[in-house]
Amino acid sequence: MDPAAAVAGMEDLVEEVLIRCPPHDPALLARAALVCKLWCRILTGAGFRRRFRERHRAAPPMLGFLHRPLPLPPYDGAQCGFTRTTSFRPRGAGLFEDGARQPLDCRHGRVLIGRPPKVRDKSDCCLAVWDPVTGEKLELPEPPLCRERPMFSWNAAVLCAASSREGACDHLDCHRGHFLVVVVVNTLLVLYAYVYSSEDGEWSVPTYALKSLHDAVVCFELSEPSVLAGNALCFISANIMASNGRIIKYDLGASEIGLIELPPSTSCHRDSAMLTTTENGGLGCAIVEHSKLGLWSRVAGLNGHSAWAQSRVIELEKIIPDDGIPMSYCLVGFAHGLDVLFAMRFDGLFIIDLKSGQMKLCEGQGIYTIIPYMSFCTPGISFPRT
């Protein structure tokens, strides 16, 4: 047999074996790269990275999650951090140690960090985008936050630049490409949206929409992370003069901003609502009432108008991993693509798998917000660009 053909055949065989390594354990590929030069060359090649992602394309693995503390004593002085759920070790995670910045949003392998928004806060938001795989951090220019007008609150999100064109990117290997940061500002009677493009290096002119008098006091829910439903970013909000709330929706394709009502069941238990996404990528909402978890989805109704429909109810008492008495839960996070909800109880953090209906207890106290970090990590991409 031709020696060159034998080597080529061996490379193909090795790649077929390594490509089957579970994506949620990056240490396996890192150790495999140390076996020999051949394996290292295979694992660090762009072709292998692409094929590895395509094979496991159902959803990027959750390598860990970022968390913010409850903004109330005794947890209000606690540090934010990154909790690993795999062998992945983020680069530059010490940027939260001084407490000046917190994680605000995470999507497509990037993390948006900044000072947490507060009602009627007009100070600098100091946004930056961080890549936990490479450790790179890009400081963004200060966004125009309409300081000349009474501002109730604001929120922000980060995403791949191709997200404004539905289907333009599969988001398997785009975390080092161009990105967008969307900042939504809430004033007394007007909603504004600004978009930063890393390709242009500047903020766009604002998109705005007038609010009704009923929605004049709607404010963002302590910077709860957004969800990307289709090509629209959705932020949850609360009406500080009533028990109901709203969803602020920014359409990336049409550059339009507006309000959507939350499902009717949120009228009594406002603190237990969390925006989610459905299996087909549409907008969903999870609501805890007493010990029941209700799952809602936005469906097309008559005359082309969308409406909320309840798709499922989970009895939390039946899946509690102990025999304790029924307790209240507060939803604090959602992992898109994995159908996993995070819920806090006074005795710890729980992970609820919506597919299997199972629930398990994790370590954690006083957590108000969880932002899952989902990305592929293979050898050869963990070094900053030069």
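Our subject is the structure that appears above.
Residues numbered from 1 in each chain as written. Predicted model: local features only at pLDDT ≥ 70, side-chain atom pairs only at ≥ 80, totals over all residues. Heavy atoms only, no water.

Student: How would you explain the pattern of salt bridges if you had to name every residue and give the values?
Tutor: Evaluated as defined, the whole model comprises nine salt bridges. Among the salt bridges present, the one from arginine 51 reaches glutamate 16, with a minimum N-O distance of 2.7 Å. Of this pair, arginine 51 sits in helix α4 (residues 46–55) while glutamate 16 sits in helix α1 (residues 3–18); the two residues are 35 residues apart in sequence, bridging distant segments of the chain. For arginine 51, a relative accessible area of 33% puts it in the partly exposed group. With its nearest N and O atoms 2.8 Å apart, the salt bridge here joins glutamate 139 to arginine 101. In this pair, glutamate 139 is assigned in strand β6 (residues 137–139) and arginine 101 in the loop between β2 (81–84) and β3 (102–107), connecting sequence segments 38 residues apart. Here arginine 101 falls in the buried class, since its relative accessible area comes to 17%. One network of salt bridges, with partners in common, ties together Glu15, Glu16, Arg20 and Arg51. (Salt bridge = Lys/Arg side-chain N within 4 Å of Asp/Glu carboxyl O. Helix = DSSP H or I, 4+ residues; strand = E, 2+ residues; numbered from the N terminus. Buried < 20%, exposed > 50% of the residue type's maximum accessible area, 1.4 Å probe, protein only.)

Student: Which residues make up the side chain of threonine 207, and what values go with them?
Tutor: One can find threonine 207 in strand β11 (residues 207–210). Residues contacting threonine 207, with those up to four places away along its chain left out, are Leu191, Tyr192, Ala193, Tyr250, Ser255, Glu256 and Ile257. (Contact = heavy atoms within 4.5 Å.)

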